[in-house]
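Tertiary structure, described
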Amino acid sequence: MLAPLIRGLAALALAAGVLPAAAQDYPNRPVRIIVPFAPGGSADVFGRAVAQHLQQALGQNFVIDNRPGGGSLIGTDAAAKAAPDGYTLLLMSNTHTVNESLIPNKSYALMRDFTPIAPISYSDLVLVTKAELPAKTLGDLIKAAKARPGGMSYASSGPGTPYHMAGELFKAMAGISVVHIPYRGSAGARTDVLGGQLEMMFDAIPTMTEHIKSGKVRALATTGKTRTTVLPDVPTMNEAGVPGYEATLWLGLLAPKGTPAAVVARLNAELSKYTSSPEVRRAWNAQGAMPMTMGADEFTRYLNDDIVKWEKVVKFSGAKPE
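A few points on the structure. All chains use their own residue numbering, which begins from 1 and follows the written sequence. Totals for whole chains, interfaces and linings use every residue, but because this is a predicted model, local features are given only for residues with pLDDT of at least 70 and side-chain atom pairs only at 80 or more, for both listing and counting. The side-chain figures draw on all heavy atoms in the structure; neither hydrogens nor water molecules are used.

With that settled, consider the side chain of S121. Numbering of helices and strands starts at the N terminus; helices are DSSP runs of H or I of at least 4 residues and strands are runs of E of at least 2. Here S121 shows up in strand 4 (residues 114–130). Setting aside anything within four residues of it in sequence, one finds S121 in contact with F46, L249, W250, L251, W284, M290, P291 and M292. By definition, residues are in contact when any of their heavy atoms lie within 4.5 Å.

See the structure below:
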């Protein structure tokens, strides 16, 4: 008889805004956000924006800890092994949902070892080539690649990353053979394409737009369903000759499994407040990114669905972890 009454009183307390002590006291020391990617990429940039907001909102330092390598495996493994107390968080991307099928024999399993907190943002990608490449359109590039199977290469930020999977999906759907050159982060890949050492790469629109507009690289197509307002003259992959193509980059925040539910709820509330604000939406949209806002349960369902989606793409494309 007492159990239903206790549950009812607990629900009333939460509804009234009374948070458990774990959430009221959190955080009382600096919080580390592991970013399993190199500095300078989209995950790092948006991770730092989130850290700054949480620091201001919660009155405690949120420190970015870049742990690149292994297509996110090194930093993610460190986060999985951290104490589940809310003082170590993981900045994730859809690299993590890809790796569930691309690299099944990992030291961790995403949905077993982590608790989803909230999404952050998503953006379309853009396929760029070095400025000196003769190909002026996507059709030209596909024709050139078919004339020289294996004679061209594309850079990515590492195995399983959105840049890698966008390239593998392009190869499979266009029927071309292009060599994948993985880097430890997008900054290195970007530098070598800008310098003309490699022919092409898929990159996040927010981090590549200024180089496109300055003429350092040539944009051939974007990867969303519709054209981006940031690069309105650049066609989508679908418009440019690869029907049905779509690839995006999205980011989110996780905690080690076992992190107190009250802490997860508080972080979700603060992130949702941030990503739903009109100012953030305007600023991020101007860069070619869209804020994402979900409850923790909805984000959990989103992750599970994305794992299934990318498992199909991995099988279709024949992508390998390399």
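The omega torsion of the bond from Y26 to P27 falls at -10°, within 30 degrees of zero and hence cis. At S72, a residue that is not glycine, the phi angle is positive and equals roughly 90°. Along the chain, S72 falls in the loop between strand 2 (62–66) and helix 4 (73–80). You can call S72 buried: its relative accessible area is 1%. When accessible area is computed with a 1.4 Å probe and restricted to protein chains, residues below 20% of their type maximum are described as buried, those above 50% as exposed, and intermediate ones as partly exposed.

The next thing to look at is the pattern of salt bridges. For this document, the term salt bridge refers to a Lys or Arg side-chain nitrogen within 4 Å of an Asp or Glu carboxyl oxygen. A full pass over the atoms with the stated rule returns twelve salt bridges. Between R32 and D65 there is a salt bridge, with its nearest N and O atoms 3.3 Å apart. You can see R32 sitting in strand 1 (residues 31–35) and its partner D65 sitting in strand 2, a full 33 residues away along the chain. With relative accessibility at 25%, the residue R32 sits in the partly exposed group. Two residues, K106 and E100, come together in a salt bridge whose shortest N-O distance is 2.9 Å. Within the structure, one salt-bridge network assembled from shared partners comprises R32, D65 and R67.

Before going further, it helps to examine the packing of aromatic side chains. The pairing test for Phe, Tyr and Trp rings, Trp by its six-membered ring, is centres within 6.5 Å, and the orientation test on the planes gives stacked under 30 degrees, edge-to-face over 60, and tilted for anything in between. Counted under the stated rule, the structure contains nine aromatic pairs. Seen from their ring centres, Y26 and Y87 are 5.2 Å apart, and the 65° between their planes marks the pair as edge-to-face. Of the two residues, Y26 sits in the loop between helix 2 (21–25) and strand 1 while Y87 sits in the loop between helix 4 and strand 3 (88–93), which places them 61 residues apart along the sequence. Its relative accessible area of 3% is what places Y26 among the buried residues. Of the residues examined, Y87 reaches a relative accessible area of 10% and is grouped as buried.

Glancing now at the pairing of strand 9 (residues 248–256). Among the nine residues in strand 9, nine count as buried, and that is most of the element. Of the two faces of strand 9, the one lined by T248, W250, G252, L254 and P256 and the one lined by L249, L251, L253 and A255 are each fully buried. Here a strand pair is declared whenever DSSP counts at least two bridges between the two strands. Relative to strand 9, strand 3 runs antiparallel, the two being bridged by four bridges. From the neighbouring strand, L90 faces strand 9, where its bridge partner is L254. Note that strand 4 and strand 9 share nine bridges and pair antiparallel. When the sheet's bridge partners are listed, S123 is paired in strand 9 with L249.

Inspection of the secondary structure assignment puts R48 in helix 3 (residues 42–58). Considering only alpha carbons, one finds R48 and V63, 15 residues apart in sequence, at a separation of 8.4 Å. Among residues more than four places away in sequence, those in contact with R48 are I64 and N66.

Here we take up the nonpolar core. By convention a nonpolar core is built from buried Ala, Val, Leu, Ile, Met, Phe, Trp, Tyr and Cys residues, the set being connected through side-chain atoms within 4.5 Å. F62, L89, L141 and F170 are the most contacted members of the largest nonpolar core, which has 66 residues in total. Beyond its immediate sequence surroundings of up to four residues, L89 is in contact with Y26, V31, R32, I33, I34, F62, I117, L253, L254, A255 and L267.

So, on to helix 14 (residues 296–317). Residues three or four positions apart in an α-helix share a direction because the helix packs 3.6 residues into each turn. A rise of 1.5 Å per residue sets the reference length of helix 14, with its 22 residues, at 32 Å; its end C-alpha atoms lie 31 Å apart and thus fit the reference within 8%. Turning to helix 14, its buried residues are F299, L303, D306, I307, W310, V313, V314 and S317. All buried residues of helix 14 project into a common sector of 135° when viewed along the axis, lining one side. Residues of helix 14 that are exposed and point over 90 degrees away from its buried face: D297, R301, D305, K312, K315 and F316. Against the buried residues of helix 14 lie strand 3, helix 5 (94–102), helix 6 (110–113), strand 4, helix 8 (162–174) and strand 9. With its phi angle positive at about 75°, G318 sits one or two positions after the end of helix 14. Given the number of residues in a helix, its expected span is that number minus one, multiplied by 1.5 Å. An arc is given here, and it is the one of the directions from the helix axis to the C-beta atoms.

With respect to the helices and strands, R218 occurs in strand 8 (residues 217–222). Counting rule applied: Lys, Arg positive; Asp, Glu negative; His and chain ends not counted. No salt bridge is formed by the buried R218; the nearest opposite charge belongs to D140, separated by 7.8 Å. Only 3.2 Å separates the side chain of R218 from the backbone oxygen of A131, close enough to count as a polar contact. Here A135 takes part through its backbone oxygen, which lies 2.9 Å from a polar atom of the side chain of R218. Contact partners of R218, with chain neighbours within four places excluded, come to L127, V128, T129, K130, A131, L133, A135 and K136. Within 3.5 Å is the distance limit for a polar contact, defined as a pair of N or O atoms, with the added protein rule that one can donate a hydrogen and the other accept it, and that residues adjacent in sequence qualify only through two side-chain atoms.

Moving on, we come to the pairing of strand 4. Across the 17 residues of strand 4, 16 count as buried, placing the element largely inside the fold. Of the pairings in the sheet, the one linking strand 4 to strand 10 (residues 289–291) comprises three bridges and is antiparallel in character. Residue pairing in the sheet places Y122 in a bridge with M290 of strand 10. Relative to strand 7 (residues 200–204), strand 4 runs antiparallel, the two being bridged by five bridges. Opposite L127, over in strand 7, you have F202 as the bridge partner.

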